[in-house]
Amino acid sequence: MTLIDISRRLENGMPVWPGDTNFSFQLSWTKEESGSVNVGKLTLSTHTGTHIDAPFHFDENGKRVIDLDPNLYVGIAKVIELIEVDCIKKSDLEAFRFDGVERLLIKTNSWKNDSVFPERIPHIEKDAAEFLHEKGVKLVGVDVPSVDPLDSKELEAHHALHHAGIHILESIDLRNVTPGEYELIALPLPLSDADGSPVRAVLRKLV
Ligand SMILES: Nc1ccccc1C(=O)C[C@H](N)C(=O)O
Ligand SMILES: [Zn+2]
Ligand SMILES: [Zn+2]
């Protein structure tokens, strides 16, 4: 069956979190120089493009990427639409059924021009994190670069989700995805010490 790619393209000049490391791919050796091969070199933040946050990103004692269970990032996921909401709160989520839903992907369509970093994004409210925990959700994915407001220092949503045992996937691209149930694959790289990791996130439609 065909895969729907929900990853943002990693390329020079792509938007990154303000002040964070720019993404760069360069050849450190060209085939001409080496006589045999092109060899590339990447420079990037762990929060580049579609990525997961490890709890260490916002908690000194939190798990690093290598400690995360890969099973979290592979399996059935429900995609819901909350188009252009200001924030994602419990009362918005109560309209949906979450029986047995462990992975929830929220399409807000609020990042219109993805060639520039957004100025404003919807964040997740604390009561939504608690509600999703009660429903048994273990992973939440959003189509924007953060689950908190862009200027947040407290990172209330990151902490509330962590407290609720919910892992975070950010900057997925759900423009070509209609609500429903899918299989998600969004595996982090096996980075030993990292606080986050880019992922190649794909969906497979369930029949
Ligand atoms: N890259 C950064 C640089 C500086 C300050 C925050 C960030 C973030 O990444 C925060 C965002 N909540 C994130 O998890 O992706
Ligand atoms: Zn992040
Ligand atoms: Zn984050």
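Residues numbered from 1 in each chain as written. Chains lettered and ligands numbered in written order. Predicted model: local features only at pLDDT ≥ 70, side-chain atom pairs only at ≥ 80, totals over all residues. Heavy atoms only, no water.

- Taking an unreviewed UniProt entry as the reference, the protein chain is identified by name as Kynurenine formamidase belonging to Gottfriedia luciferensis.
- In the Sequence similarities (unreviewed entry) part of its UniProt record, the protein chain is described as follows: "Belongs to the Cyclase 1 superfamily. KynB family."
- Its UniProt record gives the protein chain the following Catalytic activity (unreviewed entry) comment, quoted word for word: "N-formyl-L-kynurenine + H2O = L-kynurenine + formate + H(+)". (UniProt positions renumbered as here; feature names shortened; annotations may be inferred.)

**With respect to the coordination of the zinc ion (ligand 3)**
Turning to step 1, where the next piece is worked out: For the zinc ion (ligand 3), the full set of protein donor atoms is Asp53 (OD), His158 (NE2), Glu170 (OE) and Glu170 (OE), and the range of their distances to it is 1.9 to 2.6 Å.
Turning to step 2, where the next piece is worked out: Taken as an interatomic distance, the gap from the zinc ion (ligand 3) to the zinc ion (ligand 2) is 3.2 Å; Asp53 donates to each of them. Of the two residues, His158 sits in helix 4 (residues 156–163) while Glu170 sits in strand 10 (residues 167–170), which places them 12 residues apart along the sequence. Across the pair, exposure class does not vary: His158 and Glu170 are buried alike. (Donors = N, O, S within 2.8 Å, 3.2 Å for Na, K, Ca; no water. Helix = DSSP H or I, 4+ residues; strand = E, 2+ residues; numbered from the N terminus. Buried < 20%, exposed > 50% of the residue type's maximum accessible area, 1.4 Å probe, protein only.)

**Structural notes on the coordination of the zinc ion (ligand 2)**
Turning to step 1, where the next piece is worked out: Taken together, His47 (ND1), His51 (NE2), Asp53 (OD) and Glu170 (OE) make up the full set of protein donors to the zinc ion (ligand 2), lying 2.0 to 2.3 Å away.
Turning to step 2, where the next piece is worked out: For the zinc ion (ligand 2), the six donor atoms in the first shell make angles of 57 to 173 degrees at the metal, so the coordination geometry reads as irregular.
Turning to step 3, where the next piece is worked out: Every donor residue of the zinc ion (ligand 2) comes from the same chain, spaced as H-x3-H-x1-D-x116-E.
Turning to step 4, where the next piece is worked out: With a relative accessible area of 2%, Glu170 lands in the buried category. (Tetrahedral: all angles 85-135°; square planar, octahedral: opposite > 155°, others 65-115°.)

**A closer look at the side chain of Ser24**
Turning to step 1, where the next piece is worked out: Looking at where Ser24 falls in the secondary structure, it is placed in strand 2 (residues 24–29).
Turning to step 2, where the next piece is worked out: Residues contacting Ser24, with those up to four places away along its chain left out, are Asn12, Lys41, Leu42 and Thr43. (Contact = heavy atoms within 4.5 Å.)

**Section: helix 4**
Turning to step 1, where the next piece is worked out: Inspection of helix 4 places Ala157, His158, Ala160 and Leu161 among the buried residues, and these make up the whole buried set. Mapping the buried residues of helix 4 onto a view down its axis gives an arc of 170 degrees, with all of them on the same face.
Turning to step 2, where the next piece is worked out: Downstream of helix 4 by one or two residues, Gly165 has phi in the positive range, about 70 degrees. (Arc of directions from axis to C-beta.)

**Examining the side chain of Ser110**
Turning to step 1, where the next piece is worked out: Inspection of the secondary structure puts Ser110 in the loop between strand 7 (103–107) and strand 8 (123–124).
Turning to step 2, where the next piece is worked out: Beyond its immediate stretch of four places on either side in the chain, Ser110 contacts Glu84, Pro122, Asp143 and Val144.

**Here's the deal with the site of ligand 1**
Turning to step 1, where the next piece is worked out: Surveying the vicinity of ligand 1 reveals the residues Trp17, Asp20, His47, His51, Asp53, His57, Pro145, Ser146, His158 and Glu170.
Turning to step 2, where the next piece is worked out: Take Asp20: an N or O atom from its side chain is 2.7 Å from a nitrogen atom of ligand 1.
Turning to step 3, where the next piece is worked out: Between ligand 1 and Asp53, the relevant distance is 3.0 Å, taken from an oxygen atom to a side-chain nitrogen or oxygen of the residue.
Turning to step 4, where the next piece is worked out: Summarising the interface, the protein chains cover 76% of the accessible area of ligand 1, which totals 360 Å² for the free molecule.
Turning to step 5, where the next piece is worked out: Tallied by class, residues from the shell around ligand 1 come to two nonpolar, five polar and three charged. (Near = heavy atom within 4 Å. Polar contact = N/O pair within 3.5 Å; in protein donor to acceptor, adjacent residues only side chain to side chain. Areas by Shrake-Rupley, 256 points an atom, 1.4 Å probe, with all protein chains shown as cover. Nonpolar A, V, L, I, M, F, W, Y, C, P; charged D, E, K, R; others polar.)

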